Amino acid sequence: DTGVSQDPRHKITKRGQNVTFRCDPISEHNRLYWYRQTLGQGPEFLTYFQNEAQLEKSRLLSDRFSAERPKGSFSTLEIQRTEQGDSAMYLCASSTGGYYNEQFFGPGTRLTVL
Amino acid sequence: KQEVTQIPAALSVPEGENLVLNCSFTDSAIYNLQWFRQDPGKGLTSLLLIQSSQREQTSGRLNASLDKSSGRSTLYIAASQPGDSATYLCAVRRSGNTPLVFGKGTRLSVIA
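Residues numbered from 1 in each chain as written. Chains lettered and ligands numbered in written order. Predicted model: local features only at pLDDT ≥ 70, side-chain atom pairs only at ≥ 80, totals over all residues. Heavy atoms only, no water.

**Let's talk about the interface of chain B and chain A**
Move 1: Each partner contributes to the interface: chain B provides 24 residues, whereas chain A provides 22 residues.
Move 2: Our count for the chain B to chain A interface comes out at zero salt bridges.
Move 3: Counting across the interface, chain B meets chain A through six residue pairs in polar contact (both at pLDDT 80 or more).
Move 4: Contributing elements (two or more residues each) for the side of chain B that touches chain A: strand 4 (32-38), strand 5 (44-51) and strand 9 (86-93) of chain B. (Contact = heavy atoms within 4.5 Å. Salt bridge = Lys/Arg side-chain N within 4 Å of Asp/Glu carboxyl O. Polar contact = N/O pair within 3.5 Å; in protein donor to acceptor, adjacent residues only side chain to side chain. Helix = DSSP H or I, 4+ residues; strand = E, 2+ residues; numbered from the N terminus.)

See the structure below:
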C-alpha cells in the first residue's frame, strides 16, 4: 500500500493556459474523489468516480473543468483556460466504499495561476 | 444544505496541556464523521472515523466523540506535544456514497 499519489505537486501557469493533474489511488480502492481547497478554507467537493463512472459533480465544476478515470484506475483533472480564481490546492482521495467508506487523501497539487 | 463549523479557528496552548476541539453540523442526518490533520501545504491525514451509531473512537492520545442528535463532535487531545501543531479538520458524510462536507478547521499551535 503506497498511498494516494498526485502529480505534479506544484504547478505554476499563466492565465489562459490549460493544466492537467493526475491522481493514482490506493490500488484496491474503487472510489475516487476530487476536492479543491483555498487558503484558510476546508476542502470543497468537485467530483466523484466509482470505478470509471463519474457519479457526481459539484456546481463548482464549471465547463472549464473536466475529469476522467479511464479503466477505473488513475484519474485526471483538466482545467482549461485557467483563471486566477483557480489558484488552489487540488486534493484527491480514494476509498473502498463499504460500511465505513473511509477516505484517504493524497498530498495534493498546488496550482498557482499568474 | 449541510454546514460544518469548527470552533475555535485557532488555538495556542503550552506543551503538556489537554485540549478539546469542537465541530458542529447543521443537519444531524449524517452517516459518519471523520477528523483529519493537515500540516501546512500538505494533504490530509485521517485521524478518526465515527459511524453515526457510535459515540466515540480512540486512537492513542486522541479521542473523538459524537452527539448526533445535537449535531456536535469533539476531538480531545491528551498531553499535547509540539508535533501536534497542525490544522485539524472535521468532515461529515450524509450517506455511504456521498462526498465529505468539511469545516474550515482549527489551527493548533503547541508551544514547547
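**Quick notes on the layout of surface pockets**
Move 1: By volume, the largest pocket amounts to about 1400 Å³.
Move 2: Contributing elements (two or more residues each) for the lining of the largest pocket: strand 5 (44-50) and strand 6 (53-57) of chain A together with strand 1 (4-7), strand 9, strand 10 (101-102) and strand 11 (106-111) of chain B.
Move 3: For the lining of the largest pocket, the element with the most residues is strand 9 of chain B, which contributes five residues.
Move 4: Looking at the lining of the largest pocket, its residues break down into 17 nonpolar, 16 polar and 14 charged. (1 Å grid on protein atoms, 1.4 Å probe; cavity = no way out; pocket = protein on both sides within 12 Å on 5 of 7 lines; lining within 4 Å. Points joined across faces, edges and corners; volume = space filled by probe spheres on them. Nonpolar A, V, L, I, M, F, W, Y, C, P; charged D, E, K, R; others polar.)

**Remarks on unusual backbone geometry**
Move 1: Along the chain, D7(A) connects to P8(A) via a cis peptide bond; the corresponding omega equals -5°.
Move 2: Tracing the backbone shows P8(A) in the loop between strand 1 (5-7) and strand 2 (10-13).
Move 3: Looking along the chain, the bond that leaves I7(B) and enters P8(B) is cis, with omega of 0°.
Move 4: Among the structural elements, P8(B) can be located in the loop between strand 1 and strand 2 (10-14).
Move 5: Phi angles above zero are rare outside glycine, and R81(A) is one such case at about 50°.
Move 6: Note on placement: R81(A) falls in the loop between strand 8 (75-79) and strand 9 (88-95).

**Here we look at the pattern of salt bridges**
Move 1: Within this structure, the stated rule accounts for five salt bridges over all chains.
Move 2: Here R22(A) ties to D24(A) by a salt bridge, and the two come within 2.7 Å at their closest N and O atoms.
Move 3: Its relative accessible area of 34% is what places R22(A) among the partly exposed residues.
Move 4: Notably, a salt bridge pairs D84(B) with R61(B), separated by 2.8 Å at the nearest N-O pair. With D84(B) in the loop between strand 8 (72-77) and strand 9 and R61(B) in the loop between strand 6 (56-59) and strand 7 (62-67), this residue pair connects regions lying 23 residues apart in the sequence. (Buried < 20%, exposed > 50% of the residue type's maximum accessible area, 1.4 Å probe, protein only.)

**Some points on the state of the cysteines**
In a disulfide, the sulfur atoms of two cysteines are covalently bonded to one another.
Move 1: In total, this model carries two disulfides over all chains according to the counting rule given.
Move 2: Disulfide pairing places C23(A) opposite C92(A) at an S-S distance of 1.8 Å. Residues C23(A) and C92(A) share a disulfide whose torsion about the S-S bond is about -65°; that sign makes it left-handed. Separated by 69 residues along the polypeptide, C23(A) in strand 3 (residues 19-24) and C92(A) in strand 9 bring together distant segments of the chain.
Move 3: With a relative accessible area of 0%, C23(A) lands in the buried category.
Move 4: Judged by relative accessible area, which is 0%, C92(A) ranks as buried.
Move 5: Covalently, C23(B) is tied to C90(B) through a disulfide, its sulfur atoms 2.0 Å apart. Measuring handedness by torsion sign, the sulfur bridge of C23(B) and C90(B) sits at about -55° and is left-handed. Of this pair, C23(B) sits in strand 3 (residues 19-25) while C90(B) is found in strand 9, placing the two residues 67 residues apart along the sequence. Grouping residues by exposure puts C23(B) and C90(B) together as buried. (Disulfide = S-S within 2.5 Å.)

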